[in-house]
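# Architecture at a glance
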Amino acid sequence: MSEETAQPIRRAPMDGGPVGDAAAPAKLARLGAEIASFNATRAALKQLQDALALANADRFAEAASMAEAALKLDGNIVYGWHLLGIARDKVDDRAGALDAYERAFALSPADPDIAHDLGRLAFRMEMYPQAEALFRHCLARQPGAREASNNLGALLRRLMRFDEAVEVLRTAIMAEPEAAMLWLTLGTVIGDQGDIEQAEIFYREALRLDPHYAKALYNLSNMLFAQGKADEALDHCRRAIALADTPEDLAMMRFSMATMLLARGDLAQGWSYYDARLDKAFAEPIHFMTDRPRWTAGTDLNGRHLMLFGEQGLGDEILFANALDDVLAAVGPEGRVTLAVTDRLLPLFRRSFPNVAFDKHLTLKREGRAFRAAAGVKDWSEVDLWAPMGELLKAYRPSIEAFPERPGGFMAPDPARVAHWRQALTDLPGLKVGILWTSLVLNASRYQLFAPFEHWEPVLRTPGVSFINLQYGDQSAALAHARDKFGVEVWTPPGIDLKNDLDDVAALCCATDLVLGFSNATFNIAAACGAPAWLVGATAAWTRLGTDRYPWYSQVRAFAPESHGAWEAVMGDIAAALALEATQGTGAPAAG
């Protein structure tokens, strides 16, 4: 799996599906009636009934074994395969559950419960086309079914097919207006389209219908926080945590609490809740492949060998490296630090931290889970302790005051390549500004974090400035838009792969007078290397840590819209500041 697939966890996910529990008492009772009426051998039927009793007692591993034994006696018992799928699903054996559900579905394709359980598992395993087909299959046999409608709407939202999602959910709500979950999921779709006021109305309707609906409290807390109502948001999130009834919901809500606390500047509590990102029940956890003891903040490191794993997205590996010098001091001259990072970052990291041993990490994705290993570690017995890089923050960045002032950055670009790019930029007139406007990781929750490219027009029309494209990925459409609609030619540097040649990207950034844009991987590389940089982003972004700047990088100046989605005004402010900068011609961030 690439770094773009291992998504950075910068924003708590809004909950909107999939919902439902194949092992809910009512569903197991219905399955029990079907098993009892099925024509099967007496021995197989008895074992299936015993398996059902174990499932009702939440002894799902034993239930799976008993169901397997029954199916060995009679492999044509559709409800036996269904029960086996449920039991394996509950012990998180996704591959086994998928096989069992598929066998049940092959025996009884008209059964909507089987189709829905299989579709929900496919959704969680990111098999989106299959999940959509199964939900639609279910709804064709049970028009307006609450859970299937909800989950199809949630899936369409995940695929950013918002209009289709709204239509599915509105149709279901018209048939069942008292279904709180449908109002909740409709709120997530509307919120993802930027209408947070309307989303709040839908969340409050879900809570009117069910005042103890933890997910509605959780989603409402995120909406309130985006509107600047921090105290009310935190109160709702605490109530949601108290009411959470699944490990998945609890992990999601604790992570949300972390981001809100960090965004308010409460780092001590925030880092504590931030551990939720590592919970195996979290929506997008990475499983680190090591059997060594995990280091936690407060454990003495003097003289120890600490293995660190880069985590989340590529930009986060740079961001969290803010504390690497601190951990080197903690292990002392007799200790060692080994760090596994994205292979494209190895040259930059090795030059910047010569006292750290570096390795590349490998990340594989299976059954909807990510597994990360250190490719070069052959003998783990030499490692005393391990930790994900984010754990360093709890130990060494417990407060804003703990972030050092390092206007020159903490990473070192290749000086020869910086000189090369400065020479390459000499023919460009005026202030030389590298720009970044998007990310390769855009989904229903993340795309709102970036201003639409149309709002860049006043910035790109700033006189006295030459703009350099630093944006990785195929940006031909955006560059053509700038040329044809704005009358601005954005210069794309030749002979460099902006996605993969990251050591050279660092040098290019440091050769410009200013880097301007959103916090993607390239922006973090530029800022960590000390390039003058202006950050564009949401005020409520947790990485601002409750400040009006970007504490990770001392030299960065931060711009943010005054309200959610108010990009036009803030881009106008940036254009005015950039015009002033161009007239001064200093290449340093303008005051103010």
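By convention here, each chain's residues receive numbers from 1 onward along its written sequence. Local features in this predicted model are restricted to residues whose pLDDT is 70 or higher, and side-chain atom pairs enter the listing and the counts only when it is 80 or higher, whereas totals over whole chains, interfaces and linings include all residues. Hydrogens and waters are ignored; side-chain quantities use all the structure's heavy atoms.

### Considering the confidence of the model for the protein chain
Inclusion rule: One confidence number per residue, pLDDT, is output by the predictor and ranges from 0 to 100. In this description, contact between two residues means that some pair of their heavy atoms is separated by no more than 4.5 Å.
Of all residues in the protein chain, 93% have pLDDT values of 70 or greater, and the mean over the chain is 89. This model gives residues 1-10 a pLDDT under 50, and the stretch forms 44 contacts once residues within four places in sequence are excluded. Below pLDDT 50 for its whole length, residues 587-592 participates in 15 contacts with residues either more than four positions away or in separate chains.

### Side note on the sheet that holds strand 9 (residues 514-517)
What counts here: Whether two strands pair comes down to DSSP finding at least two bridges between them. Secondary structure elements follow DSSP: runs of H or I of four or more residues count as helices, runs of E of two or more count as strands, with numbering from the N terminus. To get an axis, a line is fitted to the C-alpha atoms, and for a helix only the part in contact is used. The angle between two axes follows their N-to-C directions and goes from 0 to 180 degrees.
The strand order across the open sheet built from 5 strands is 8-7-9-10-11, with neighbouring strands paired in parallel fashion. Unpaired on one side and paired on the other, strand 8 (465-469) and strand 11 (557-559) mark the two borders of the sheet. Taking the axes of each pair of neighbouring strands and ignoring which way they run, one obtains an average angle of 25° across the sheet. Relative to strand 11, strand 10 (residues 533-536) runs parallel, the two being bridged by 3 bridges. Paired with Val536 across the two strands is Phe559, which belongs to strand 11.

### Let's talk about the pattern of salt bridges
So the rule is basically this: The working definition used for a salt bridge is a side-chain nitrogen of Lys or Arg within 4 Å of a carboxyl oxygen of Asp or Glu. Per-residue accessibility, obtained with a 1.4 Å probe over protein chains only, is compared with the maximum for each type, and a residue is labelled buried under 20%, exposed over 50%, and partly exposed between these values.
Evaluation of the coordinates by the stated rule reveals 35 salt bridges. Its salt-bridge partner being Asp21, residue Lys90 comes within 3.3 Å of it at the nearest N-O pair. Here Lys90, found in helix 4 (residues 78-90), pairs with Asp21, found in the segment before helix 1 (25-37); they are 69 residues apart in sequence, far enough to count as distant. Classification of Asp21 as partly exposed rests on a relative accessible area of 31%. Between Arg204 and Glu232 there is a salt bridge, and its shortest N-O distance comes to 3.3 Å. With a gap of 28 residues between them, Arg204 in helix 11 (residues 196-209) and Glu232 in helix 13 (residues 230-243) connect regions that are remote in the sequence. For Glu232, a relative accessible area of 32% corresponds to the partly exposed category.

### Quick look at the packing of aromatic side chains
Put simply, the rule reads: Pairing of aromatic side chains requires ring centres within 6.5 Å, counting the rings of Phe and Tyr and the six-membered ring of Trp. Pairs whose planes differ by under 30 degrees are stacked, by over 60 edge-to-face, and all others tilted. In this scheme, the term charge over a ring applies when either NZ of a lysine or CZ of an arginine sits within 6 Å of the ring centre and within 35 degrees of the ring normal.
For the structure shown, the criterion picks out 25 aromatic pairs. Their ring planes at 45° and their centres at 5.2 Å tell us that Phe288 and Phe309 sit as a pair that is tilted. Of the two residues, Phe288 is situated in strand 1 (residues 286-288) and Phe309 in strand 2 (residues 305-309); the sequence distance between them amounts to 21 residues. On the accessibility criterion, Phe309 (0% relative accessible area) is buried. Measuring from centroid to centroid gives 6.3 Å for Phe309 and Trp380, while their planes differ by 15°, and the two rings are stacked. Of this pair, Phe309 sits in strand 2 while Trp380 sits in the loop between strand 5 (369-374) and strand 6 (385-388), placing them 71 residues apart in sequence. Residue Trp380 is classed as buried on the basis of its relative accessible area, which comes to 17%. In this structure an aromatic cluster arises from ring pairing among Phe255, Trp271, Tyr274, Phe282, Phe320, Phe403, Trp542 and Trp552. The ring of Phe403 carries the charged tip of Arg397 above its face, separated from the ring centre by 5.6 Å. Over the ring of Trp534 we find Arg557, and its NZ or CZ is 5.3 Å from the ring centre.

### Considering the sheet that holds strand 5
Judged by pairing direction, the sheet is mixed, and its 6 strands sit side by side in the order 1-5-4-3-2-6 without closing on themselves. Of all strands in the sheet, those with a lone pairing partner are strand 1 and strand 6, marking the two edges. Taking each pair of neighbouring strands and ignoring which way they run, the sheet shows an average axis angle of 30°. Note: strand 2 against strand 3 (residues 336-341), 5 bridges, orientation parallel. Opposite His305, over in strand 3, you have Arg336 as the bridge partner.

### A look at the pairing of strand 5
Consecutive side chains along a regular strand alternate between the two faces of the sheet. Looking at chain direction, strand 1 and strand 5 are connected through 3 bridges and run parallel. Considered in strand 5, the bridge of His287 is made with Phe371. Direction of pairing for strand 4 (residues 357-366) relative to strand 5: antiparallel, over a ladder of 6 bridges. Residue pairing across strands places Leu362 opposite Ala373, the latter belonging to strand 5.

### Considerations on the environment of Asn469
Note on placement: Asn469 falls in strand 8. What makes Asn469 buried here is its relative accessible area of 4%. Residues Asn469 and Leu498, spaced 29 residues apart in sequence, show a C-alpha to C-alpha distance of 9.1 Å. Discounting chain neighbours no more than four positions away, the residues touching Asn469 are Ile435, Trp437, Leu479, Val490, Trp491, Thr492, Pro493 and Leu498.

### A short note on the packing of helix 5 (residues 94-107) against helix 6 (residues 112-124)
Selection rule: Working definition: roughly parallel below 35 degrees, roughly antiparallel above 145 degrees, roughly perpendicular at 65 to 115 degrees, and oblique for all remaining angles. The hand of a helix crossing depends on one turn: near helix anticlockwise from the far one by less than a right angle means left-handed, and clockwise means right-handed.
The geometry of helix 5 relative to helix 6 is characterised by a closest axis approach of 9 Å and an angle of 150° between their N-to-C directions. Taken together, the axes of helix 5 and helix 6 are roughly antiparallel relative to one another. At the point where helix 5 passes helix 6, the crossing takes the left-handed sense. Contacts between helix 5 and helix 6 pair Arg94, Ala97, Leu98, Tyr101, Glu102, Ala104 and Phe105 from the former with Ile114, Ala115, Asp117, Leu118, Leu121 and Arg124 from the latter.

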